[in-house]
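Reading the structure
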Amino acid sequence: VQLQAFGGGLVQTGDSLRLSCAASGRTFSRATVGWFRQAPGKEREFVSAIFRSTNNKYYADSLKGRFTISRDNAKNTVYLQMDSLKPEDTSIYYCAASDRIILSGIRDSGNYHYWGQGTEVTVSS
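Below: a short report on this structure. (Residues numbered from 1 in each chain as written. Predicted model: local features only at pLDDT ≥ 70, side-chain atom pairs only at ≥ 80, totals over all residues. Heavy atoms only, no water.)

1. Considering the overall build of the protein
We count it as follows: The secondary structure listing takes helices from DSSP runs of H or I that are at least 4 residues long and strands from runs of E that are at least 2 residues long, numbered from the N terminus. Two things to know: the radius of gyration comes from C-alpha atoms, and the globule rule equals 2.2 Å times the number of residues to the power 0.38.
Of regular secondary structure, the protein possesses zero helices and eleven strands. Across the protein, helices and strands are ordered from the amino to the carboxyl terminus as β-β-β-β-β-β-β-β-β-β-β. Taken over C-alpha atoms, the radius of gyration comes to 13 Å for the protein, in line with the 14 Å a tight globule of 125 residues would show. Taken along its principal axes, the extent of the C-alpha atoms in the protein is 40 × 25 × 25 Å.

Below you can see the structure in the form of structure tokens.
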């Protein structure tokens, strides 16, 4: 399966963005899809995930209340709605998918098998 992440851009503090992760080659309605981000000089970190069998949603503690993950199986797309953006949200955002991941491993990027190319988000102060 090929993933394509898009929707990033340059915004100001307090603005919103919606990132999209579109899958092709295979349906990923049964896959766990996660969002990660990596800022320059920092390690990749977990942002959010939607689990394959329950569609339950999980977030990094620091992002709860500002970010919302959702999926549209008809469009084979997962979204990440980001509100009240802050300069520290500046990063490259990646989507990833796996149809074999277990719940305890959704925050570990090493457990995902398919990755998009990343989309850059810059939040100016």
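Alright, that's what it looks like, and here's the rest.
2. Focus: the sheet that holds strand S3 (residues 17–24)
Cut-off, in case you're wondering: Any two strands with at least two DSSP-identified bridges between them are counted as paired. Interaxial angles span 0 to 180 degrees and are taken between N-to-C directions of axes, which are lines fitted to C-alpha atoms, for helices over the stretch in contact.
Overall, antiparallel pairing links the four strands, which are arranged S1-S3-S8-S7 in an open sheet. Every other strand in the sheet has two partners, leaving strand S1 (2–6) and strand S7 (67–72) as the edge strands with one partner each. The mean inter-strand angle of the sheet, taken between neighbouring strand axes irrespective of direction, is 15°.

3. Topic: the packing of aromatic side chains
We count it as follows: Pairing of aromatic side chains here covers Phe, Tyr and the six-membered ring of Trp, requires ring centres within 6.5 Å, and sorts the geometry by plane angle: under 30 degrees stacked, over 60 edge-to-face, intermediate tilted. Whether a residue is buried, partly exposed or exposed follows from its accessible area with a 1.4 Å probe, protein chains only, as a fraction of its type maximum: under 20%, in between, or over 50%, in that order. Either the NZ atom of lysine or the CZ atom of arginine qualifies as a charge over a ring when it sits within 6 Å of the ring centre and within 35 degrees of the ring normal.
All told, the structure shown has five aromatic pairs when counted by the stated rule. Between phenylalanine 36 and phenylalanine 46 the ring centres are 5.7 Å apart and the planes differ by 75°, which places this aromatic pair in the edge-to-face class. Of this pair, phenylalanine 36 sits in strand S4 (residues 32–38) while phenylalanine 46 sits in strand S5 (residues 45–50), and the two are ten residues apart along the sequence. Note on accessibility: phenylalanine 36 and phenylalanine 46 belong to one class, buried. When the centroid spacing of 6.3 Å and the interplanar angle of 65° are considered together, the rings of tyrosine 112 and tryptophan 115 count as edge-to-face. Linked through ring pairs, Phe36, Phe46, Tyr94, Tyr112 and Trp115 together constitute an aromatic cluster. Just above the ring of tyrosine 79 sits the side chain of arginine 18; from NZ or CZ to the centre is 4.1 Å.

4. Considerations on the state of the cysteines
The following threshold applies: Working definition: a disulfide is two cysteine sulfur atoms within 2.5 Å of each other.
Scanning the entire structure with this criterion turns up one disulfide. Each sulfur in the disulfide pair cysteine 21 and cysteine 95 lies 2.2 Å from the other. The disulfide joining cysteine 21 to cysteine 95 has a torsion of about 70° about its S-S bond and is therefore right-handed. Highlighted residues: cysteine 21 in strand S3 and cysteine 95 in strand S9 (residues 91–98), separated in sequence by 74 residues. This pair shows no difference in class: cysteine 21 is buried, exactly as cysteine 95 is.

5. Focus on the nonpolar core
We apply this condition: In these notes, a set of buried Ala, Val, Leu, Ile, Met, Phe, Trp, Tyr and Cys residues joined through side-chain atoms within 4.5 Å is what counts as a nonpolar core.
Within the largest apolar cluster, 35 residues are counted, with the highest numbers of intra-cluster contacts made by Phe28, Trp35, Phe67, Val78, Leu80, Met82 and Tyr93. Secondary-structure elements contributing two or more residues to this core are S1, S3, S4, S5, S7, strand S8 (77–82), S9 and strand S11 (119–124).

6. Points about the pattern of salt bridges
A side chain with one charge may pair with a side chain of the opposite charge, provided their charged atoms come close. Convention followed: Should a side-chain nitrogen of Lys or Arg be within 4 Å of a carboxyl oxygen of Asp or Glu, the pair is scored as a salt bridge.
Throughout the structure, instances matching the rule amount to five salt bridges. The salt bridge partner of arginine 37 is aspartate 89, with a shortest N-O separation of 3.0 Å. Remark: aspartate 89 occurs in the loop between S8 and S9 and arginine 37 occurs in strand S4; sequence separation between them is 52 residues. What makes aspartate 89 buried here is its relative accessible area of 1%. Salt-bridge contacts for arginine 100 lead to aspartate 99; the nearest nitrogen and oxygen are separated by 3.7 Å. Taking the relative accessible area as the measure of exposure, aspartate 99 reaches 30% and is therefore partly exposed. Ionic contacts of the salt-bridge type, sharing partners, join the residues Arg37, Glu45, Arg66 and Asp89 into one network.

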